[in-house]
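# Structural overview
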Amino acid sequence: MIDVLIDAALLLALTLGGALQALHDAWLRVFDAGGYAQGIALIVSVALISGVVDLPLSLYRTFVIEARFGFNKMTLRLSC
């Protein structure tokens, strides 16, 4: 349930909070306006932000919740 709340907060920050527009403006200074490179950079940056936000939750699911119920015997050292 916390995962859904965090994802919703990220979505609201990106859309209504203006983070998407800020990323667009930042990439506009680097690449030509309306070019493919700017669009790709924007999509990749949103994907990276989403991945960084989801990483701690994913690690928690894998190493705490699954281990608590006996589904996962892997340690963090074995996964790398």
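The model shown is predicted, which means the values in this text are computed figures rather than measured ones.

Of the residues in the protein, 92% have a pLDDT of 70 or more, and the chain-wide mean is 87. Element-level pLDDT for the protein is lowest in helix α4 (residues 76–79), with a mean of 64, against a maximum mean of 93 in helix α2 (residues 19–30).

Before going further, it helps to examine the pattern of salt bridges. Under the criterion given, the structure shown has 1 salt bridge. Where aspartate 3 meets arginine 61, a salt bridge forms, and the shortest distance between an N and an O atom there is 3.2 Å. One end of the pair, aspartate 3, is in helix α1 (residues 2–15); the other, arginine 61, is in helix α3 (residues 36–68), and 58 residues separate them in sequence.

Parameters at a glance
Residues numbered from 1 in each chain as written. Predicted model: local features only at pLDDT ≥ 70, side-chain atom pairs only at ≥ 80, totals over all residues. Heavy atoms only, no water. pLDDT = per-residue confidence, 0-100. Helix = DSSP H or I, 4+ residues; strand = E, 2+ residues; numbered from the N terminus. Salt bridge = Lys/Arg side-chain N within 4 Å of Asp/Glu carboxyl O.

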